[in-house]
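The residues making up each chain are set out below.
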Amino acid sequence: MAASKDPADPEADALPGTDPAAVKRHRTLFRAIRRRRNPPLRRTDITVTDEAAVRRAVKAASLGNAMEWFDFGIYSYLAVTIGHVFFPSGNDTAQLISSFATFAVSFLVRPLGGMVFGPMGDKIGRKKVLALTMILMAVGTFAIGLIPSYATIGFWAPVLLIFFRLVQGFSTGGEYGGASTFIAEYAPDKRRGYFGSFLEFGTLAGYVGAAGLVTILTTTLDNGAMEAWGWRIPFLVAGPLGLVGLYLRLRLDETPAFQKLEDQTYHSATEAASAVETSAKGDLAKIFRQYWPTLILCVALVGAYNVTDYMLLSYMPTYLTDELGYDDTHGLLILIATMVVLMLVINRIGVLSDRYGRKPLLMAGMVGFLVLSIPAFLLIKQGALIAVSAGMLMLGLSLVCLLGTMSATLPALFPTPVRYGSLSVGYNLSASLFGGTAPLVITALISVTGTDMMPAYYAMAAAVVGIIAVACMKETAQQPLSGSPPSVESKEEAAELVAAQATAPKF
């Protein structure tokens, strides 16, 4: 049995279980082995980012995310109208339930889309898969706007609606994981939080666009016109938006991290890197087998984040209308005002996460929901405009700490060869289990318990899970992505990094 290694001999780290006596006898040999396994950081290893290219990448990825949430927003805000158009008349409740059930269908296939598109993105590249998901999303959304009503084609109307919702959900499975990976791999290490926050800026922009357009339509058209043709307009708008997004994404180069992953000379730098490339890349089974602890952490983080996100941005208009008797338009206007405030501060949150770390900002958001949910809903229940707005803003400021930080946090959990696949699987499993079900679960809990404070309790329960997850994660701010070389903004910064790490390389 080999003797335990002597911590005073750094060369003993070259091989696990190395005999310290052998190290002392052959220091030069073991030093060479250690340097081979942990080569010095060279200037050519470091990625110097192009500011213009980074901004193009951020714009293209964020637009796709905005389109995704524009679609989800218009469907949830038009749920009543869609129920009347696509399902048999006679029972308004049954129509609404059918409409929400069709909404939930897309979440069922999101994990499947993640399992298909994620590993594909690790094999053929992020850019190609993101272009494909954009095409599918645009086609699915645009097609819904063209489906004839139940009164026209009967049974085939809901069948076609469900089919194209499945197309949307399947494409969404590869969207967030790819978009967040794309931005994270383009951004310099010290500004990944700032650039990543634009992805969730797109989320808010999509919701605001959907809520604004639906509000304009409902205030200018009567119920007859809305059900006849007005509801189709938001879905048809998604077609041109999809073409713009596709154009922007096709103009981009592949991410620097993925390009270096594909460079065989880069892989030959260490045996370990080559082993990762040949054994893990794109292999779904090994993602579950080798990275399951990180997947669980990802699911917990995303679950806590999605419950609070969907509760505020999707469910609150329904809560204001059904529980407090607010007019549909007034509820949407309050939500729009809240989201505009969040859009104004979300990039600042990204900057703070770069300066102080991801964990402090995420913990602030989770603790905010734990502590402020009950006071916020007590204010909202008062019904006065100022009280409702104050309660919504309390929840919104807690949420923006998560929104502005999560898109830089999640890609850093996984190494480059399996980042797209692992993140897509973990994110969409969690979104399906906890995000898409949040409105349904909250409504059911209110019905069973008879208390309209259940949204607060549900958000608090999610926050507890989130606090535990944040406590367990490692800080990744200002650090290179796992499996990728450092990424900096200038040649001078690269030279300084080489000089600082030349004697004790960590790359």
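Nothing here was measured: the structure is a model prediction, and the numbers come from that model.

A. Expanded view of the packing of helix H17 (residues 292-322) against helix H19 (residues 358-382). The N-to-C vectors of H17 and H19 enclose an angle of 10 degrees; their axes lie 13 Å apart at closest approach. When the interaxial angle is binned, H17 and H19 end up roughly parallel. Packed against H17, whose contacting residues are Leu301, Ala304, Tyr305, Thr308, Met311, Met316, Tyr319 and Leu320, the element H19 presents Met366, Phe369, Phe377, Ile380 and Lys381 at the interface. A breakdown of the residues in the contact of H17 with H19 according to their chemical character gives eleven nonpolar, one polar and one charged.

B. Main features of the packing of helix H6 (residues 126-144) against helix H12 (residues 232-250). As a packed pair, H6 and H12 sit with axes 7 Å apart at the nearest point and diverge in direction by 165 degrees. Relative to H12, H6 is oriented roughly antiparallel. As for how H6 packs across H12, the hand of that crossing is left-handed. Contacts from Lys127, Leu130, Ala131, Thr133, Met134, Ile135, Ala138, Thr141, Phe142 and Ile144 in H6 reach Arg232, Phe235, Leu236, Ala238, Gly239, Gly242, Gly245, Leu246, Arg249 and Leu250 in H12. For the contact of H6 with H12, the residue count by class is twelve nonpolar, five polar and three charged.

C. Inspection of the packing of aromatic side chains at higher detail. Applying the stated criterion to the full structure yields 13 aromatic pairs. Measuring from centroid to centroid gives 5.1 Å for Tyr194 and Phe195, while their planes differ by 65 degrees, and the two rings are edge-to-face. For Tyr194, a relative accessible area of 12% gives the class buried. You can call Phe195 buried: its relative accessible area is 1%. Ring centres of Tyr315 and Tyr319 lie 6.0 Å apart, and the angle between their planes is 50 degrees; on these two criteria the pair is classed as tilted. Pair noted here: Tyr315 and Tyr319 are both in helix H17, with a separation of four residues, about one helical turn. Taken individually, Tyr315 and Tyr319 each receive the classification buried, so the pair is uniform in this respect. These aromatic residues form a ring-pair network of at least three members: Tyr194, Phe195, Phe198 and Phe201.

D. Local environment of the pattern of salt bridges. For the structure shown, the criterion picks out eight salt bridges. Here Arg126 and Glu185 are joined by a salt bridge, their closest N and O atoms 2.7 Å apart. One end of the pair, Arg126, is in helix H6; the other, Glu185, is in helix H9 (residues 175-186), and 59 residues separate them in sequence. Judged by its relative accessible area of 4%, Glu185 is buried.

E. Structural view of the environment of Pro415. With respect to the helices and strands, Pro415 occurs in the loop between helix H20 (385-409) and helix H21 (419-435). With 68 residues separating them along the chain, Pro415 and Gly483 place their C-alpha atoms 4.9 Å apart. Once residues lying within four places of it in the same chain are set aside, the contact partners of Pro415 are Tyr291 and Ser482.

Analysis parameters
Residues numbered from 1 in each chain as written. Predicted model: local features only at pLDDT ≥ 70, side-chain atom pairs only at ≥ 80, totals over all residues. Heavy atoms only, no water. Axes fitted to C-alpha atoms, helices over the stretch in contact; angles between N-to-C directions. Helix = DSSP H or I, 4+ residues; strand = E, 2+ residues; numbered from the N terminus. Parallel < 35°, antiparallel > 145°, perpendicular 65-115°, else oblique. Contact = heavy atoms within 4.5 Å. Nonpolar A, V, L, I, M, F, W, Y, C, P; charged D, E, K, R; others polar. Left-handed = near helix turned anticlockwise from the far one by under 90°. Phe/Tyr/Trp six-rings, centres within 6.5 Å; stacked < 30°, edge-to-face > 60°. Buried < 20%, exposed > 50% of the residue type's maximum accessible area, 1.4 Å probe, protein only. Salt bridge = Lys/Arg side-chain N within 4 Å of Asp/Glu carboxyl O.

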